[in-house]
Every structure is written in C-alpha cells, then in structure tokens.
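Next come the chains, spelled out residue by residue.
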Amino acid sequence: MPSSKLSKLTRIALAASIAASGAIAATAFTTTVASAATTSTVGGQISRSEILSRAQYWFNQNPGLTYNQGGTFRDSSGRSYRTDCSGYVSMAWHLGYSANTQSLWDSESYEIPRSDLRPGDILDSYYNHVILFEKWDDDARTTFSYYSFGSTPVKHRTGVSINGALDSHPNSEYHARRYRNVVEDVSVSPSSLPAGTLVKSPNGPSVKVIINGAGVPVAGSDVAADGYDLNKIVTVDDGAFNALPTVPPPGTVVHDQAGGSARYVVVGGAALPISGNDWTADGYNTRSDMGVPTSWLQGAVGSTLSTGLVVMDQSGADPGRYVMVNGIALHISADEWTADGYDKQTLMGVPGDWLKNAAAGSLASGTVVMDQSGGDPARYVMVNGAALHISADEWTADGYNLRPLMGVPGQWLNAAAGKAPLNGTVVKDEAGGPARYVVVGGAAVQISADEWTADGYDKQPVLGVPGAWLGTAAAKSPADGTVLADAAGTDPGRYVMVGGAAVHISGAEWTADGYNGKPLAAAPGSLLGPLSRKSVADGTLIKGQAGNDPSVYVVVNNSALPLTGAEFTTSYANQPVQGAPEEWEAAQVARPLANGTVVKNVNGTDPNVYVMAGGMAVLLSGADYTGYGYDKLPLRAVPGTWEQAAAAKAAPADGTLIQSSDSATVWQVVGGSKKAAAAGSYNAADVVKVPTALTAKLPTVTA
C-alpha cells in the first residue's frame, strides 16, 4: 500500500479515536523510551533486545529450519509460527498469531522515518516481503544489518546499503515500521524527558506532554491548535505512563501552547495569572516558561486553590500569611501562625496581585465556619461577608450540621462576626416561614407584600439566616452613617442615619460632604418614611460631615449643644462622633432647646435640675420638680458649660409663655419683663411651669 494512502488512513483513524474518546489516539509515532520486562508475554510489551534474541533463536536452528509458507516451527517456549518472512517477524515480536506482511503493516505497527530505524523495527513491503532491522553499521546510517527469512535458510546480513534492493525486491517498496508494543531495554523515567515531549502508553489512546516531570493530558482539540506533532511521540510502558503526575509541580510558569501573552504559575493544581508587575517583581521572568495544552490550561485557570493551602506573596512585599478557604485567602495573624499549626504546612508563593484579589473576596454565602484553634467553640454561617452565629438548637434543626465545616483563623472570624450582611441582602429564617427581610445598615427590615414585587426584591436571591440572629437584627434600626434611598424611588431624597433617625441630605451636600462616595442602601418605604420623621436620639455626638464646622455637638431634644474640648474628653470621649449634613446640623445648632425640657449637667458637678424656658435654664427646687410633674418627664443630660451659660441668662426669650404656682395668670415675656397674656391668645401646651422666684423677679408691664 502506498505511503500517502497510509498517512491518510492514519489521520482518519486518529480523528475517529479523538471524537470517540476525547483523548488523543496516536497512530504514527517515532520514538520509544521506557523500561521493559525482561521476558515478554504473547502480544504484550517486548524489549528490543528480546526481539533480536528471539530472531537469533531461529537463525541458530540453521541448517535444520526450512522456508515453507505452509509449515510452522516453534519458538523457544514451544509456540509455533509460520516459516516465512512475516511468520519469522511474528515470532520475533512474540505475536499471538502468524501475521502476513499486510497485517504487520495494518494492525501491528506504525510508520517511522528510515533514519529512525532501531533494533527490532522492520522494513515492510506491503505485498511482498518483510525484513527485521538489527542495527546501523555506520554513523552516517547508509548501511545496516538485518534478519530475513525469504528463503532457506534464515539469513543475517550485514553492511547492506539502505538505498539498494533488499532481498531482491525494489528499495522503494519498503517502509520503515515500528511494533506498537516495543519498549526500550534501558530504564528511562518519562518524567526525565525534555519538556514538550509527547508520550503515550502502547495500550491506550491517551497522550500526555511532559512539563517539568509531569505528564499533562493533551486533548484532541489541542493537536492542531497547539501545534503538537503526532509523528513525534514517545511510547512508554503502562506503569510509567500512568504514574506520571498530571499537574506540573508548584511554581512552574506556563502559557497557552496555542499562543497569547498571558502567563500563569501553577500552584496546587491551579494556574494563577501573573500580572505585568508580578512578572518581574516576583521573579517569574527568571523561570522557564512552559507551553501547556489549551484545554488543560483552561481547566486549571478555572480551578480554585484547595481549602487549607497556606500561601504568601511571592515577592514578599506583603509579609502576611494566608490560608485558602473555598477560593478566598484569609489572613493568619502571627499568634495563629504557630498556635493553629499553619507553620507545619507547606507555604506556597503566589503572585501578589492575585493574592490581593483573593484576600479581598468574601466566603460564599452558606459556608459554615469555626475558629481553627477551637478557642471559640461556636459555629457561624457566612452570609454576604458576615459570619452569623448559629445557636446550638439551630445547628441541627436548620441542617447546618450537614454542611462542610471550615476552620478559619480566629481573628478573621472575629472581624467577620462583627459585620452585618451587605446592604440589600434579602434574607429569610433558615428554619422556614413566609416573611422576607432586607438588610439595611445591619438591620433586617421586613418587606411587605406590596414592596416584595414593587421594589424588585423578588428578583434577588433569598439567603437563609439563623432565626436567633434574624430576630435580633429585625429589632434594630440601621446603623448610624448608613446612607439611604427609597427602594421604590417614590421619595427621590437621600438620607443618612444619625442617632437612629434618617436625616435628609441636600443636593449640595450629596457631593460636597462626600455622601456620593458611600454605599447607598435601598430601603423599603415602610422603613424610610418613619425614620425620616424620627428625632435623632439624645446624647448623639455630631460633627459636620464636610468639616467646615470643626465643633462637636451633642443632640438633646432635637437641638445641637456645643461641647468644649475638655467636656468632649472627660464626658463624651468614649462615644463615637457621627458625621452629619451641615445644613441639618446648622439648623439643630440654631434651634433653642425646647421649652419644658428638663436638664441636668452631664458630669454631675452641678446636682441641680433645670427646666428650659425661652433658652433660659430655670433652676427647679425639689418641690417644683415634683409639684409641676417634671419628675415624670425625661431628665436630659447637657454639657456643663452650656448649662451654666443658659442658667446665667436674666430672663427667657421674648414671647415665652410662663406660669408659676402662686397665680393662675399666664405671663408672656417681653424685653426681660412679664406681661399678662390675654385669655384665648395662647395654647396651654406652650406654657412653661416655672418657679415663683422667676415670675417674682420679672417686672410686670401692662402695655
């Protein structure tokens, strides 16, 4: 059969095998390197030296062995083969039958270049004759020795020209062929072969490429795209082939064999991208850069590092150590490094930019975690960046005990347990129930049936959370500093939480105060409406968000009272200061403390109690405090300096309505004097009950 037809047939066979199995089935190969068994089995792997030894056995039977296509003769073990040229090769190769020249070609061998002929290979004339190659007789490979049984006796010829007629048949009829099951005599581990060498076993279709001692699988789709030459494959024995690791060792730098500028480093079976900065900063440019099969690289790039793998920045710019958990890099503190046994694990260097991204990620919602050290015996479930505590009852009732439990560094866990799920996270009780909630500033806000669809919550994933956590979160208000918007868009305003209330942000403040740079939490209107009408809690410390007014104020009954530096340090130092829109803050500062507000010095240096009347702090006696019912009202703490100034005023502000217990007359303060208010000219609720001492000292005017 002409060689061009054979080449076409082998390509067809290769494509068919690839399509059927997804692996490469090699049909034509050039090199074999492997360890061979010392004695072959029928139809099994056989070394080159054993092939020649078996051929020599029949040669040694001369002159008693006669050529006869109808006859047979035994090998050294007693198995019989036909006594002609192809039967002789069948015996030498230890086949299970006596092949002819066509079946030797079609079924038992593959074509090789003549220059690659090695001991035990054949030169086969498809229709006429076959001879067994022994060795080259010169370095130029122009003459050779061979065994042949084309006539009596078995012949061993030497010094024969590779270009001349062979056993009286034209040279052009012969093609160099190699037995599929031949292996080398010298033991050579395939892992020691040069990078890029293609290898296969004689008994399977799969092909691998050697990369730093590993055999990386080559898929059928890789052959043309990656430029792999199937005429240059090394056959290795089954054991050595199967023993090859399929992943290059950690630290191997690879790229797509098909091309492209991207570079990767292999770590734990995954291919991590190397950025332009890391290429030189991490020293990857000094390592060998290996081309790998496209299909393998795609899978490795999509892989995540195994949970528990300990990694560090290859460049050392980040001195921290991290443990991988579900694809996320969690920081390990210095104490935990040894206490939790991380120092006993192999430390893998990874690209710095990749590590930054991995450390910035969040564990997938639903991941169940615990403190690796066991110092905290509790269990937690991750929900959008937060670790939510699971009670003992919930552990089994909600099925958390059925999920994988991941050990994580304790300090990382403490930080995650102090967080709330991200704003906008929609949650439900893991134990069941129809209610749905949205997380807004750490609070779980129940979503009404109308809001569920109108605000688009039905389009978001619903995450199960422990019921105990949900009950606590549902009782909270959004945390101070949370920037809010109406989820439905009905109210176009923007608000910021200050002291438990939603304070409006003007258009100018939205950008000037930097609120546009903060996360915006969409809140159901059922929450935002009441919060926007709520008063900021007493005792809240505020400061202008933009910093134009550096003063710190304390909110008391909807007014903002200034603090001195000393008061902030001594009386309020442990309290957080909340940035507030400055237009709103200015309005609170300008607003006098409401009439009837009962106050007392916050630091207790002045034990007296006062009632506010027109900006004046009026001293109350014990009898007045209870007699006027002020003991039933909230007693509000105010800064001492502010209280002293308010108590030092001579009279309430003009227009203030006051009344003392010694008279039914309601007085209106006018210019530091008092004037009787006409009946029906005022609301009783606006009248401040004051001690007789105040009304007595104010002059009475009639006009």
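Residues numbered from 1 in each chain as written. Predicted model: local features only at pLDDT ≥ 70, side-chain atom pairs only at ≥ 80, totals over all residues. Heavy atoms only, no water.

1. Quick look at the overall build of the protein
Inference 1: Broken down by element type, the protein carries 21 helices and 48 strands.
Inference 2: What you see for the protein is a C-alpha radius of gyration of 45 Å, clearly larger than the 27 Å of a compact globule of 703 residues, by over 25%.
Inference 3: Its C-alpha atoms give the protein principal-axis dimensions of about 155 × 50 × 45 Å.
Inference 4: The buried share of the protein, taken over its 703 residues, is 47%.
Inference 5: A separation of at least 24 residues holds for 62% of the contacts in the protein among residues at least 6 apart in sequence.
Inference 6: Surface accessibility of the protein: about 30,500 Å² in total, with carbon and sulfur atoms responsible for 52%.
Inference 7: Both charge centroids of the protein, one from 46 positive and one from 62 negative side chains, sit 5 Å from each other. (Helix = DSSP H or I, 4+ residues; strand = E, 2+ residues; numbered from the N terminus. Rg over C-alpha atoms; globule rule 2.2 N^0.38 Å. Buried < 20%, exposed > 50% of the residue type's maximum accessible area, 1.4 Å probe, protein only. Contact = heavy atoms within 4.5 Å. Areas by Shrake-Rupley, 256 points an atom, 1.4 Å probe, with all protein chains shown as cover. Lys, Arg positive; Asp, Glu negative; His and termini not counted. Charge placed at Lys NZ, Arg CZ, Asp CG, Glu CD.)

2. What about the environment of V267?
Inference 1: Tracing the chain through its elements places V267 in strand β17 (residues 264-267).
Inference 2: Residues V267 and P492, 225 residues apart in the sequence, show an inter-C-alpha distance of 50 Å.
Inference 3: Among residues more than four places away in sequence, those in contact with V267 are L272, L305, L309, M348, G349 and V350.

3. Points about helix α2 (residues 48-59)
Inference 1: Here α2 is twelve residues long and its end C-alpha atoms lie 17 Å apart, about the 16 Å a rise of 1.5 Å per residue gives.
Inference 2: For α2, every residue scored as buried is listed here: R48, E50, I51, L52, R54, A55 and W58. (Expected span 1.5 Å × (residues − 1).)

4. Description of the sheet that holds strand β24 (residues 368-371)
Inference 1: The four strands lie next to each other as β26-β25-β24-β27, forming an open sheet whose pairing is mixed. Both edges of this open sheet fall to β26 (386-390) and β27 (405-408), since each of them pairs with a single strand only. Going across the sheet, the axis of each strand differs from the next one's by a mean of 40°, ignoring polarity. (Pairing = 2+ DSSP bridges. Axes fitted to C-alpha atoms, helices over the stretch in contact; angles between N-to-C directions.)

5. Notes on the environment of N231
Inference 1: Relative to the elements of secondary structure, N231 occurs in the loop between α5 (222-226) and β15 (233-235).
Inference 2: Note: C-alpha distance between N231 and Y110 (121 residues apart in sequence) is 9.9 Å.

6. Focus: the nonpolar core
Inference 1: Core analysis: the biggest nonpolar cluster contains 25 residues, and I51, W58, Y88, W93, L104 and L132 have the highest contact counts within it.
Inference 2: Sorting the residues of this core by element identifies α2, α3 (85-93) and β7 (129-136) as the ones contributing at least two each.
Inference 3: Among the elements that make up this core, the one with the highest residue count is α3 (six residues).
Inference 4: Leaving out residues up to four positions away in the same chain, W58 has contacts with L65, F73, R74, D75, Y81, R82, T83, G87, Y88, M91, F149 and V154.
Inference 5: Counting 19 residues, the second largest nonpolar core, distinct from the first, contains V207, V223, I233 and V292. (Core = buried A, V, L, I, M, F, W, Y, C linked by side-chain atoms within 4.5 Å.)

7. Things to note about the pattern of salt bridges
Inference 1: What the rule picks out here adds up to 15 salt bridges.
Inference 2: The shortest N-O distance in the salt bridge between R178 and D116 comes to 3.2 Å. Residue R178 is located in strand β10 (residues 174-179), and its partner D116 is located in the loop between β5 (109-111) and β6 (122-125); the two are separated by 62 residues in the primary sequence. Here the two residues R178 and D116 agree in accessibility, since each one is buried.
Inference 3: Notably, a salt bridge pairs K344 with D343, separated by 3.3 Å at the nearest N-O pair.
Inference 4: For D343, a relative accessible area of 29% corresponds to the partly exposed category.
Inference 5: In this structure, a network of salt bridges that share partners links the residues R48, D116, D121 and R178. (Salt bridge = Lys/Arg side-chain N within 4 Å of Asp/Glu carboxyl O.)

8. Here's the deal with the packing of α3 against helix α4 (residues 101-108)
Inference 1: Direction vectors running N to C along α3 and α4 enclose 40°, while the axes themselves pass 8 Å from each other. Judged by the inter-axis angle, α3 sits oblique to α4. Between α3 and α4, the residues in contact are C85, S86, V89, S90 and W93 and T101, L104 and E108, respectively. (Parallel < 35°, antiparallel > 145°, perpendicular 65-115°, else oblique.)

9. Focus on the sheet that holds strand β23 (residues 347-350)
Inference 1: Overall, mixed pairing links the four strands, which are arranged β22-β21-β20-β23 in an open sheet. Looking at strand neighbours, the two that pair on one side only are β22 (328-332) and β23, the edges of this open sheet. Direction aside, neighbouring strands of the sheet carry axes that sit 40° apart on average.
Inference 2: Relative to β22, strand β21 (residues 321-325) runs antiparallel, the two sharing five bridges. Residue pairing for β22: V323 is matched across the bridge by L330.

10. Overview of the pairing of strand β37 (residues 553-556)
Inference 1: Along β37, one buried face is formed by Y553 and V555 and the opposite face, lined by V554 and V556, is buried too.
Inference 2: Bridge count between strand β36 (residues 541-544) and β37: two bridges; the pairing is antiparallel. Paired with I542 across the strands is Y553, a residue of β37.
Inference 3: Where β37 lies against strand β38 (residues 559-562), four bridges are found, and the strand directions are antiparallel. The residue of β38 that forms the bridge with V554 is L561.

11. Notes on the packing of aromatic side chains
Inference 1: Going through the model one piece at a time under the given rule, you end up with 14 aromatic pairs.
Inference 2: When the centroid spacing of 5.7 Å and the interplanar angle of 10° are considered together, the rings of W58 and Y88 count as stacked. With W58 in helix α2 and Y88 in helix α3, this pair connects stretches of sequence that are 30 residues apart.
Inference 3: Its relative accessible area of 0% is what places W58 among the buried residues.
Inference 4: A ring pair is formed by W93 and Y179, whose centres lie 4.6 Å apart and whose planes are at 10°; its orientation type is stacked. Here W93 is found in helix α3, whereas its partner Y179 is found in strand β10, with 86 residues between them in sequence. (Phe/Tyr/Trp six-rings, centres within 6.5 Å; stacked < 30°, edge-to-face > 60°.)

12. Digging into the side chain of Q578
Inference 1: Note on placement: Q578 falls in strand β39 (residues 577-580).
Inference 2: In contact with Q578, not counting residues within four places along its chain, are D480, G481, M497, V498, L541, I542 and K543.

13. Details of the confidence of the model for the protein
Inference 1: Scored by pLDDT, the protein comes out at a mean of 91, with 94% of its residues at no less than 70.
Inference 2: Note on residues 1-38: pLDDT under 50 across the span, and 102 contacts to partners over four residues away in sequence or across chains. (pLDDT = per-residue confidence, 0-100.)

14. Re helix α8 (residues 294-301)
Inference 1: Within the sequence span of α8, burial applies to T294, W296, L297 and A300. Projected onto a plane normal to the axis of α8, the buried residues spread over an arc of 160° and lie on a single side.
Inference 2: Contacts made by the buried residues of α8 are with β14 (214-218), α5, β16 (253-256), β17, β18 (270-273) and β19 (289-292). (Arc of directions from axis to C-beta.)

15. A few points about the pairing of strand β35 (residues 520-523)
Inference 1: Residues of β35 alternate between two faces, with A521 and A523 buried on one and L520 and A522 left unburied on the opposite face.
Inference 2: Taken together, the four bridges between strand β32 (residues 483-486) and β35 define a ladder with parallel strand orientation. Considered in β35, the bridge of V483 is made with L520.

16. Some remarks on the side chain of T540
Inference 1: With respect to the element layout, T540 can be found in the loop between α16 (525-533) and β36.
Inference 2: Given the relative accessible area of 12%, T540 is considered buried.
Inference 3: Excluding anything up to four places from it in sequence, T540 contacts V498, G499, Y553, V554 and V555.

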